[in-house]
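Listed below are the residues making up each chain.
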Amino acid sequence: RKTGADAVTSDVIALFDCHVAPQPGWHVEILRLISQNSKRMVVPMITDLDIDTWTQKPNSAGNVKCWLTWDVDFKWFNDPSPE
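Residues numbered from 1 in each chain as written. Predicted model: local features only at pLDDT ≥ 70, side-chain atom pairs only at ≥ 80, totals over all residues. Heavy atoms only, no water.

Draft legend 1. Focus on the overall build of the chain. The number of helices and strands found in the chain is two helices and two strands. Overall, the chain shows an N-to-C arrangement of helices and strands of α-α-β-β. Within the chain, the fraction of its 83 residues that count as buried is 11%. Carbon and sulfur atoms make up 58% of the accessible area of the chain, which amounts to about 7,200 Å² in all. (Helix = DSSP H or I, 4+ residues; strand = E, 2+ residues; numbered from the N terminus. Buried < 20%, exposed > 50% of the residue type's maximum accessible area, 1.4 Å probe, protein only. Areas by Shrake-Rupley, 256 points an atom, 1.4 Å probe, with all protein chains shown as cover.)

Structure (structure tokens):
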């Protein structure tokens, strides 16, 4: 991950853990939010994946969000808002 991040020459970088399966169009909303504030860190909604097909499960509850602390820890919270 660090090697890849060090090689980036674009304005925006996206890093994913190995268990993440971005869905079609995942980048559209993230880029919109970053364009509103270039210092913003955007964390996508986390949903359940089907382990056999690696696709998002129907009716996956994705209303849990997190924030990062300065010591690079993260905290989970429930938020019904769309952003």
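Draft legend 2. Inspection of a nonpolar patch on the surface at higher detail. On the surface, Val8, Ile13 and Leu15 cluster together to form a nonpolar patch covering roughly 230 Å² of accessible area. As for its placement among the helices and strands, valine 8 is situated in the loop between helix H1 (2-7) and helix H2 (26-36). Valine 8 gets classed as partly exposed once you look at its relative accessible area, which sits at 33%. (Patch = residues over 30% accessible without salt bridge, like charges linked within 9 Å, V, L, I, M, F, W, Y side chains within 5 Å. Salt bridge = Lys/Arg side-chain N within 4 Å of Asp/Glu carboxyl O.)

Draft legend 3. Highlighting H2. Every buried residue of H2 is listed here: Ile30, Leu33 and Ile34. All buried residues of H2 fall inside an arc of 100° around its axis, so they share one side. Seen from the open side of H2, the exposed residues pointing more than 90 degrees away from its buried face are Val28 and Ser35. (Arc of directions from axis to C-beta.)

Draft legend 4. Expanded view of the confidence of the model for the chain. On average, residues of the chain score 77 in pLDDT, and 76% of them reach the 70 mark or higher. Averaged pLDDT values over the elements of the chain bottom out at 67 in strand E1 (residues 64-68) and peak at 88 in H1. (pLDDT = per-residue confidence, 0-100.)

Draft legend 5. Structural context of unusual backbone geometry. Not every positive phi belongs to a glycine, and tryptophan 54 is a case in point at roughly 60°. Mapped onto the elements of the fold, tryptophan 54 is located in the loop between H2 and E1.

Draft legend 6. Region of the structure containing the pattern of salt bridges. Applying the stated criterion to the full structure yields two salt bridges. The shortest N-O distance in the salt bridge between aspartate 6 and lysine 2 comes to 2.7 Å. Placement of the pair is aspartate 6 and lysine 2 together in helix H1, with a separation of four residues, close to one helical turn. The same class applies to aspartate 6 and to lysine 2, which are both exposed. Across the pair glutamate 29 and arginine 32 runs a salt bridge, and its minimum N-O distance is 2.5 Å. Within this pair, glutamate 29 and its partner arginine 32 are both found in helix H2, separated by three residues, close to a single helical turn. A relative accessible area of 36% places glutamate 29 in the partly exposed class.

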